[in-house]
Amino acid sequence: MKKLLTITVIAIFFAGQCAFAKKIDLNNTIKNSQLNKTATIAVSVRNAKTGNVEYEYNQNKLLHPASVLKLITIPAALNELTPDYKFQTKFALDKNKNLYIKLSADPSLTSNQLKEAIDSIKCKDLNNIYIDDKVLDRYEWGIGWMWDDETNPRMAKISPYNLNQNILNVKITPTSPKQPAQITPLAVGTATVMNMVTTGSKDEIIVYRQNSISPNAVFLYGTIANPQIVKIPIGNPERFFITNLSNILKTKNISHLQFQLENYPKSATTIYTIQNDLNSLLPKILQDSDNFYSETIFKTAGGVKENQQGTFNNALKMFDTYYKKLGLDTKEIILADGSGVSRNNLFSADWISNALFKIQKDKNFELIKENMAAPTIGTLSNRLPEYKNNLKAKTGTLANNCTIAGYLIDKNGEEHIFTILIANFKEDPNLAKELQDDIIKKIYDK
């Protein structure tokens with residue numbers, strides 16, 4: 001009995017030693033960072049196979065996840081829509097020569113695709129054109145988005161009428177010194193662009209919207225030395241879509257009376273369908289961190305889940321259901337949008353790393369991981385090239401916030417899950433990225 005007790009104690013001792021050996025020491029790396037003096041740094045590292053915590057620091061503090069959130073919302077959306085989901089924009093004619101268009105809020109829909117659909121219409125004398133736009137609600141931005149991002153091309157409005165990513169491309173060309181530059185809209189149906197740009201010695205253009213003058217007016221200020229393409233978010237996606245459609249109809253000599261809202265009728269004959277695969281859009285979100293795509297897909301999935309219109313509330317229900325099934329408590333966090341843009345989002349590093357451990361059970365996990373950023377790819381294209389085959393991650397950046405989370409295979413072939421949130425700093429964001437990279441290197445070398 002005494003011998004058995006001794007063996008048991010030794011076994012427990014060595015088990016404790018093994019558990020201790022698996023811990024990762026990042027204390028000096030964090031505490032020696034310049035950012036640790038004023039910023040909030042939160043870190044959570046887990047073993048990808050067991051889920052055991054290997055390191056934690058401020059792991060329960062609620063901070064902004066920024067675009068790391070996409071790595072949390074997209075699995076829930078993809079679970080609902082499935083990778084085979086297709087955005088379908090449908091066109092139908094009835095016996096009275098009325099054209100019906102059923103929108104799908106397809107974030108990848110282009111004016112060229114719209115033209116191909118109109119080219120398929122043989123009837124040249126249409127009566128009314130009816131549009132079914134009930135797929136999404138009319139909230140064009142997420143809760144907590146910032147008004148001063150209204151001219152940021154990464155913050156395009158979300159709409160049932162999505163077209164050309166709701167972005168207007170304007171070409172600005174220099175002329176003679178100190179003379180007005182020349183502007184050329186590169187899309188049809190636009191905002192009113194007010195050109196205040198002059199030809200100068202440097203490229204310095206400011207895009208400014210003055211809603212008090214006109215909600216559709218965009219002012220361009222500054223100087224230009226070389227030809228530039230400036231991307232401007234559309235102020236009114238519905239108007240943008242309808243103007244593009246009207247101009248396409250004119251080029252085909254198709255006349256019509258007016259546009260009206262109406263449900264897509266079962267009695268009409270579908271004559272054309274524009275289809276774009278969800279699967280092909282994942283790199284846009286997980287590698288390039290596109291907010292427009294992620295918000296649209298998140299709300300669309302919420303609508304499908306509830307068999308209702310796509311709204312944030314429906315998407316939130318879908319999100320809660322998904323993570324509760326995985327054993328996570330969504331009451332511990334605050335979700336305000338589908339992309340991480342909102343300042344209202346609050347997540348802990350521990351919650352995120354736990355979620356990344358849990359979603360490995362998802363049937364779509366390998367597809368998600370395959371489409372994540374990696375060194376030389378997407379938002380990691382200029383970071384950690386030596387770990388190209390070992391690292392899959394999602395980065396996030398907001399003003400004074402820098403985040404990253406993902407999966408790392410260390411030098412011994414063991415995989416780890418990590419979340420690094422750095423918030424409320426006033427220094428150069430590159431300092432935050434350097435600290436994140438140093439932490440990742442430490443995990444790799446553990």
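This structure is a prediction, so every number in the text was calculated from the model and none was measured.

Criteria and cut-off values
Residues numbered from 1 in each chain as written. Predicted model: local features only at pLDDT ≥ 70, side-chain atom pairs only at ≥ 80, totals over all residues. Heavy atoms only, no water. Buried < 20%, exposed > 50% of the residue type's maximum accessible area, 1.4 Å probe, protein only. Helix = DSSP H or I, 4+ residues; strand = E, 2+ residues; numbered from the N terminus. Arc of directions from axis to C-beta. Contact = heavy atoms within 4.5 Å. Pairing = 2+ DSSP bridges. Axes fitted to C-alpha atoms, helices over the stretch in contact; angles between N-to-C directions. Phe/Tyr/Trp six-rings, centres within 6.5 Å; stacked < 30°, edge-to-face > 60°. Lys NZ or Arg CZ within 6 Å of the ring centre and 35° of its normal.

### Side note on helix H4 (residues 111-119)
Phase 1: Within H4 the residues assigned to the buried category are Gln113, Leu114, Ala117 and Ile118. Seen along its axis, H4 keeps its buried residues to an arc of 140 degrees; they face one direction.
Phase 2: In this structure, the buried side of H4 is in contact with strand E3 (86-93), helix H5 (237-251) and strand E13 (269-277).

### Here we look at the pairing of E3
Phase 1: In the sheet, E3 pairs with E13 via eight bridges, with the strands oriented antiparallel. Directly across from Phe87, in E13, lies its bridge partner Asn276.
Phase 2: Alignment of E3 against strand E4 (residues 99-102), held across four bridges, turns out to be antiparallel. Residue pairing in the sheet places Phe91 in a bridge with Ile101 of E4.

### A word on the sheet that holds E3
Phase 1: On the basis of which strands lie adjacent, the open sheet formed by five strands has the order E12-E5-E4-E3-E13 and mixed pairing. The open sheet has two free edges, formed respectively by strand E12 (259-261) and E13, since each of these has just one partner strand. Strand-to-strand twist across the sheet, computed as the mean angle between neighbouring axes with direction ignored, equals 20 degrees.
Phase 2: Packing against the sheet, H5 makes contact with E4, strand E5 (129-132) and E12, and its axis sits at approximately 135 degrees to E12.

### As for the packing of aromatic side chains
Phase 1: Taken as a whole and assessed by the stated rule, the structure comprises 15 aromatic pairs.
Phase 2: Where Phe292 meets Tyr293, the ring centres are 5.9 Å apart and the plane angle is 85 degrees; that geometry is what we call edge-to-face.
Phase 3: A ring pair is formed by Phe347 and Trp351, whose centres lie 5.5 Å apart and whose planes are at 80 degrees; its orientation type is edge-to-face.
Phase 4: Under the relative-accessibility criterion, Phe347 is labelled buried at 0%.
Phase 5: Through successive ring pairs, a cluster of aromatic residues spans Phe319, Tyr322, Tyr323, Phe347 and Trp351.
Phase 6: Between the NZ or CZ atom of Lys369 and the centre of the ring of Tyr407, over which it lies, the distance is 5.1 Å.

Remember, this is a structural readout, not a statement about activity or role.
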